[in-house]
Amino acid sequence: MAKAETPIAIARRGVMLVLSSPSGAGKSTLTRLLTVKDDNLRLSISVTTRPRRHSEVDGVHYHFIDVRRFRQMKEAGDLLESAEVHGNHYGTPRQQVEEALGAGRDVLFDIDWQGTQQLAASMPDDLVRVFVLPPSMEELQARLERRAEDHPEIIANRLKAARDEIGHWAEYDYIIVNDDLERSLGELRAILTAERLRRSRQAGLGPFVDSLLVAKAAERA
Ligand code: 5GP
């Protein structure tokens, strides 16, 4: 059968894809690789009160703000979810997410279990939750040390926090053990593809099927 020149566009609801993991499990790399090759997926850029790391760019990795601004945003209802992680505040600005979803785009969230719980309570139908596990705690520690941008005591705290984060794995829909980046990326893409095809998300499917049936009926007449 001849292939359609342009794919048939069926209106659909955007997916809110959440990725959580302990620091050092490779989540940021996965997030980056997933978004660069997917035109329909937007990364939600969080606000944070954490100091910027040397490798980070304001407005790209995070919007770096002070505690006063964070509180203002929270009180004004400008954050879709927020949490304190490792002693710093993090939050998801509401506007960028609503704009992306409204434009039919999917949104990727790199947030912790607390934020995931909040989104699950407020937007359960749109949310797909993926948890990324490290292959071992030794590997997790090695990855944190290799990154070496944080002080040793920060690394120790993050290892402790990793255990707490991992404790929430069962609250997620999908689990990826990241022992091979390429495979994990493939698994993540497969999850997104399948979730995009869910009947409940393909809002324009009814009219499309109606048009198929009308065409068939017209042929017979
Ligand atoms: P990091 O400081 O290493 O960039 O991030 C620390 C943790 O905070 C990560 O687990 C990350 O997923 C989480 N995080 C980043 N942004 C947000 C956010 O907007 N909300 C919540 N709840 N967690 C976030």
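Let us look at the structure shown here.

The number of helices and strands found in the chain is 8 helices and 9 strands. Its C-alpha atoms give the chain principal-axis dimensions of about 75 × 40 × 30 Å. For the chain, the residues scored as buried account for 41% of the 221 residues in total. Residue pairs at least 24 apart in sequence account for 70% of intrachain contacts in the chain once pairs closer than 6 positions are excluded.

A few words on the site of the ligand. Near the ligand you find 19 residues, and of these Ser46, Arg50, Tyr62, Tyr90 and Asp110 are the closest. Here an oxygen atom of the ligand and a side-chain polar atom of Arg53 are 3.1 Å apart. Contact distances for the ligand include 3.2 Å between an oxygen atom and a backbone N or O atom of Gly91. Elements supplying a minimum of two residues to the shell around the ligand: strand S5 (79–85) and strand S6 (88–93). Residues that form the shell around the ligand fall into these classes: 5 nonpolar, 7 polar and 7 charged.

Moving on, we get to the sheet that holds strand S9 (residues 174–177). Within a sheet, neighbouring strands are paired by backbone hydrogen bonds and run either parallel or antiparallel to one another. Judged by pairing direction, the sheet is parallel, and its 5 strands sit side by side in the order S2-S7-S1-S8-S9 without closing on themselves. Both outer strands of the open sheet, strand S2 (41–43) and S9, are each paired with one neighbouring strand and no more. This sheet shows a mean twist of 25 degrees between the axes of neighbouring strands, independent of strand direction. In this structure, strand S8 (residues 127–133) lies alongside S9, joined through 4 bridges in parallel fashion. The residue of S9 that forms the bridge with Val130 is Tyr174. In the packing of helix H7 (residues 181–196) onto the sheet, contacts are made with strand S1 (16–20), S2, strand S7 (106–110), S8 and S9, and the angle to S9 comes to roughly 165 degrees.

A pair of packed helices is captured by two measures, namely the crossing angle of their axes and the spacing between those axes. H7 packs onto helix H1 (residues 27–36) with a crossing angle of 55 degrees between their chain directions and a minimal axis gap of 10 Å. By the angle between their directions, the pair H1 and H7 is classed as oblique. Handedness of the crossing formed by H1 with H7: right-handed. Residues Thr29, Leu30, Leu33 and Leu34 of H1 form the contact with H7, whose participating residues are Leu181, Ser184, Leu185, Leu188 and Arg189. Class assignment for the residues of the contact of H1 with H7 results in 6 nonpolar, 2 polar and 1 charged.

Rules and cut-offs
Residues numbered from 1 in each chain as written. Predicted model: local features only at pLDDT ≥ 70, side-chain atom pairs only at ≥ 80, totals over all residues. Heavy atoms only, no water. Helix = DSSP H or I, 4+ residues; strand = E, 2+ residues; numbered from the N terminus. Buried < 20%, exposed > 50% of the residue type's maximum accessible area, 1.4 Å probe, protein only. Contact = heavy atoms within 4.5 Å. Near = heavy atom within 4 Å. Polar contact = N/O pair within 3.5 Å; in protein donor to acceptor, adjacent residues only side chain to side chain. Nonpolar A, V, L, I, M, F, W, Y, C, P; charged D, E, K, R; others polar. Pairing = 2+ DSSP bridges. Axes fitted to C-alpha atoms, helices over the stretch in contact; angles between N-to-C directions. Parallel < 35°, antiparallel > 145°, perpendicular 65-115°, else oblique. Left-handed = near helix turned anticlockwise from the far one by under 90°.

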